[in-house]
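Structural features, examined
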Amino acid sequence: MAYLIMLVGLFLGIIFYAFVFIASKRNGKYYLAPVITFLFSGMIVAYSIFMVGGFEGMGYLFLAAGFCIVSILGTLFLPLLIRRIESQPLNKRDKISLFLLPIIFFATIGISIFSQDGYWIIEQASAAPVDTEGYRITTISEGSKALTLLLGEKYLGKEIEVENVSKWGSTKIILKFVDGGDEHKVPFIQIGLNEINESLKVQTTDGKIFQPLGSSRK
């Protein structure tokens with residue numbers, strides 16, 4: 001996942017660098033392309049540390065690393081990219097690029113946000129069955145939630161998979177149970193969630209709905 005985020009950062013960094021480089025043709029200050037790209041990576045780092053923080057902020061650091069790599073490579077290859085140091089008028093291709101590059105930049109960000117799962121597996125193992133099955137919700141770092149599912153004897157010898165977590169509207173978690181687990185234990189899972197939209201529903205692919213255990217939300 002970290003490498004994927006860095007690749008997105010590299011792609012966005014290239015687009016950002018190209019936009020500033022083309023815009024710099026009018027004044028001949030091509031050095032602004034790597035400098036502004038590097039400063040933008042620093043802004044992402046600052047946002048990660050001071051605004052987001054914690055585990056969630058790590059993703060922004062990998063994103064910033066992509067921009068930083070582009071700025072360094074852009075500095076090294078800048079002499080090869082410059083044909084003439086003096087200012088130049090923008091041609092038709094440059095104007096089209098300045099129009100399309102921001103669209104591609106923000107479209108990539110939108111697609112990245114839309115494609116995020118919005119959840120992650122904190123822990124998955126086997127455990128002894130409980131008398132009262134259901135789920136608990138606790139708050140973890142930076143307001144994210146953790147859902148812990150406790151199961152009864154009905155699920156002995158089963159394994160658990162997250163089939164789907166809804167992204168829009170109320171949060172709905174669908175779990176799938178398959179054979180292949182420890183025959184003397186039940187599956188245990190703890191799922192991290194970026195946010196929970198009411199009303200939360202946790203159910204199996206067969207339609208079984210799990211109930212919350214007490215008042216466990218914080």
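The preceding data block contains the structure.
Read on for an overview of the structure. Quick caveat: nothing in here was measured; it's all calculated off a predicted structure. (Residues numbered from 1 in each chain as written. Predicted model: local features only at pLDDT ≥ 70, side-chain atom pairs only at ≥ 80, totals over all residues. Heavy atoms only, no water.)

A word on unusual backbone geometry
- Look at the link from Glu198 to Ser199: it is a cis peptide, with omega at -5°.
- As for its placement among the helices and strands, Ser199 is situated in the loop between β6 (186–193) and β7 (201–204). (Helix = DSSP H or I, 4+ residues; strand = E, 2+ residues; numbered from the N terminus.)

Brief notes about a nonpolar patch on the surface
- A cluster of nonpolar side chains, Tyr47, Ile49, Phe50, Met51, Met58, Tyr60 and Leu61, forms an exposed patch at the surface whose accessible area comes to about 740 Å².
- Looking at the nonpolar patch, the elements that each hand over two or more residues are α2 (32–52) and α3 (58–76).
- In terms of residues, the nonpolar patch owes the most to one element, α2, which gives four residues.
- For Phe50, a relative accessible area of 67% translates into the label exposed. (Patch = residues over 30% accessible without salt bridge, like charges linked within 9 Å, V, L, I, M, F, W, Y side chains within 5 Å. Areas by Shrake-Rupley, 256 points an atom, 1.4 Å probe, with all protein chains shown as cover. Salt bridge = Lys/Arg side-chain N within 4 Å of Asp/Glu carboxyl O. Buried < 20%, exposed > 50% of the residue type's maximum accessible area, 1.4 Å probe, protein only.)

So, the side chain of Thr148
- Mapped onto the secondary structure, Thr148 falls in strand β3 (residues 145–150).
- Only 2.8 Å separates the side chain of Thr148 from the side chain of Gln190, close enough to count as a polar contact.
- In this structure Thr148 touches Gly134, Tyr135, Arg136, Phe188, Ile189 and Gln190, once residues within four positions along its chain are discounted. (Polar contact = N/O pair within 3.5 Å; in protein donor to acceptor, adjacent residues only side chain to side chain. Contact = heavy atoms within 4.5 Å.)

Let's talk about the packing of aromatic side chains
- Per the stated rule, a full pass over the model turns up eleven aromatic pairs.
- Centre to centre, the rings of Phe105 and Phe106 are 5.3 Å apart; their planes meet at 85°, and the pair counts as edge-to-face.
- Its relative accessible area of 10% is what places Phe105 among the buried residues. (Phe/Tyr/Trp six-rings, centres within 6.5 Å; stacked < 30°, edge-to-face > 60°.)

What about the sheet that holds strand β2 (residues 134–139)?
- Strands sit in the order β1-β6-β3-β2 across an open sheet of four strands; the sheet is antiparallel. Both edges of this open sheet fall to β1 (119–127) and β2, since each of them pairs with a single strand only. Strand after strand, the sheet turns through a mean of 20° between neighbouring axes, direction not considered.
- As paired strands, β3 and β6 are joined by five bridges and run antiparallel to one another. The residue bridging Leu149 from the neighbouring strand is Ile189, located in β6. (Pairing = 2+ DSSP bridges. Axes fitted to C-alpha atoms, helices over the stretch in contact; angles between N-to-C directions.)

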